[in-house]
Amino acid sequence: MALNERMERVGEIKIWYGNLPVESLYTAGIAGEKFFRTLKDQGKFLGARCVQCGIVYVPGRIFCERCFNKLDEWVQVASSGTLESWTELHVDINGEKLDAPVLVGLIKLDGTSTVMVHRLNNVTREELKFGLQVKAVLLPKSKRTGAITDIAYFEPGV
Ligand SMILES: [Zn+2]
């Protein structure tokens, strides 16, 4: 039976279990590389601006999701912005209960058109509101690795 033929008798399907010795390596891509390297080395946020429709993406991308234009204009954007939404986490990525709840927000940096997800700190759930001004707190330069975790968290402020 060819692979593209429909299996009519499921009892004929053979299954075996095991592990494949395969490792995956994911890169940040062209735009992600520029964003994370600038964040690590300079502590600045870069966005990719679409010259056709004006959208500024942070982190940057190489194509505009709205008009499919190639994005090659990089602009520095603010490290502060507004809180667009938030949630409170009680379990970690493996479903294990956290010692203390963690607040996570959708943040729209000033001068951008998109939001990014990150931790919120130095604020209580009761203090959160739509449009709250928040600013990024970065790790010291010596501890940055070129990852989104170079941003320690966002906190209220400008
Ligand atoms: Zn566009």
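In this text, all values refer to a predicted model and were calculated from it rather than measured experimentally.

Asks: Break down the overall build of the chain for me, with residues and values.
Replies: Check the secondary structure of the chain and you find one helix and eight strands. Shown N-terminal to C-terminal, the secondary structure of the chain runs as helices and strands in the order α-β-β-β-β-β-β-β-β. Here the chain has a C-alpha radius of gyration of 21 Å; the compact-globule value for 158 residues is 15 Å, and the former is much larger. Dimensions of the chain along its principal axes, counting C-alpha atoms only, are 65 × 45 × 35 Å.

Asks: An account of the UniProt feature "domain: ChsH2 C-terminal OB-fold" (unreviewed entry) in the chain is needed here, citing residue identities and associated values.
Replies: In the numbering used here, UniProt assigns the "domain: ChsH2 C-terminal OB-fold" (unreviewed entry) feature to residues 74-137. Secondary structure over residues 74-137 splits into 0% helix and 61% strand, and the C-alpha atoms at its two ends are 22 Å apart.

Asks: Run through the sheet that holds strand 2 (residues 56-57), naming residues and quoting values.
Replies: Two strands in a sheet stick together by hydrogen bonds in their backbones, pointing the same way (parallel) or opposite ways (antiparallel). With antiparallel pairing, the three strands of this open sheet are ordered in space as 2-1-3. Taken across any chain shown, the strands that pair with only one partner, and hence form the sheet edges, are strand 2 and strand 3 (73-77). For strand 1 (residues 45-49) and strand 3, the ladder comprises five bridges, and the chain directions are antiparallel. Among the inter-strand pairings, Leu46 is bridged to a residue of strand 3, identified as Gln76. In the packing of helix 1 (residues 29-42) onto the sheet, the strands contacted are strand 1 and strand 3, and the crossing angle to strand 1 comes to about 150°.

Asks: I'd like to hear about the nonpolar core, residue by residue, with values.
Replies: Residues Phe45 and Val58 are the most contacted members of the largest nonpolar core, which totals 21 residues. Among the secondary structure elements, those contributing two or more residues to this core are helix 1, strand 1, strand 2, strand 5 (97-109), strand 7 (133-138) and strand 8 (151-156). Contact partners of Phe45, with chain neighbours within four places excluded, come to Leu39, Val58, Gln76, Val77, Ser79 and Leu109.

Asks: Quick one: what's the story with unusual backbone geometry, residue by residue and with numbers?
Replies: Looking along the chain, the bond that leaves Val58 and enters Pro59 is cis, with omega of -10°. Mapped onto the elements, Pro59 comes out in the loop between strand 2 and strand 3. One non-glycine residue, Phe68, lies in the positive phi region at around 65°. Looking at the element boundaries, Phe68 is found in the loop between strand 2 and strand 3. Owing to 9 C-beta atoms within 10 Å, Phe68 belongs among the exposed residues under this scheme. Despite not being glycine, Asn122 shows a phi value in the positive range, around 55°. Among the secondary structure elements, Asn122 is positioned in the loop between strand 6 (116-120) and strand 7. Of the residues examined, Asn122 has 13 C-beta atoms within 10 Å and is grouped as partly exposed.

Asks: Describe helix 1, listing the residues and the values that go with them.
Replies: Compared with the 20 Å implied by 1.5 Å per residue over 14 residues, the 19 Å span of helix 1 between its first and last C-alpha is a close match. Within helix 1, burial applies to Ala31, Phe35, Phe36 and Leu39. Down the axis of helix 1, the buried set is contained in an arc of 115°. They therefore lie on one face. With respect to the buried face of helix 1, the exposed residues turned more than 90 degrees away are Asp41 and Gln42. Where helix 1 is buried, its residues touch strand 1. Just past helix 1, the residue Gly43 takes up positive phi, approximately 70°.

How each quantity is defined
- Residue numbers here run from 1 along each chain, matching the order of that chain's written sequence.
- Given that this is a predicted model, residues contribute local features only at a pLDDT of at least 70 and side-chain atom pairs are listed and counted only at 80 or more, while totals for whole chains, interfaces and linings are drawn from all residues.
- A run of H or I in DSSP becomes a helix once it reaches four residues, and a run of E becomes a strand once it reaches two; helices and strands are each numbered from the N terminus.
- The reference for a compact globule is 2.2 Å times residues^0.38; the radius of gyration itself is calculated from the C-alpha atoms.
- UniProt positions are given in the numbering used here, feature names are shortened, and annotations may be inferred rather than shown by experiment.
- Strand pairing follows a simple DSSP-based rule, namely that at least 2 bridges must link the two strands.
- Residues are defined as contacting one another if the C-beta atoms placed from their backbone atoms lie within 7 Å.
- Axis lines are fitted through C-alpha atoms, for helices just across the contact stretch, and the angle between N-to-C directions can take any value from 0 to 180 degrees.
- By definition, a nonpolar core groups buried Ala, Val, Leu, Ile, Met, Phe, Trp, Tyr and Cys residues that are joined through C-beta atoms within 7 Å.
- For the exposure call, what matters is how many other C-beta atoms sit within 10 Å of a residue's own: 20 or more marks it buried, 12 or fewer exposed, and in between partly exposed, using C-beta atoms placed from the backbone.
- A helix is expected to span 1.5 Å multiplied by its residue count minus one.
- Directions drawn from the helix axis to the C-beta atoms are what define this arc.

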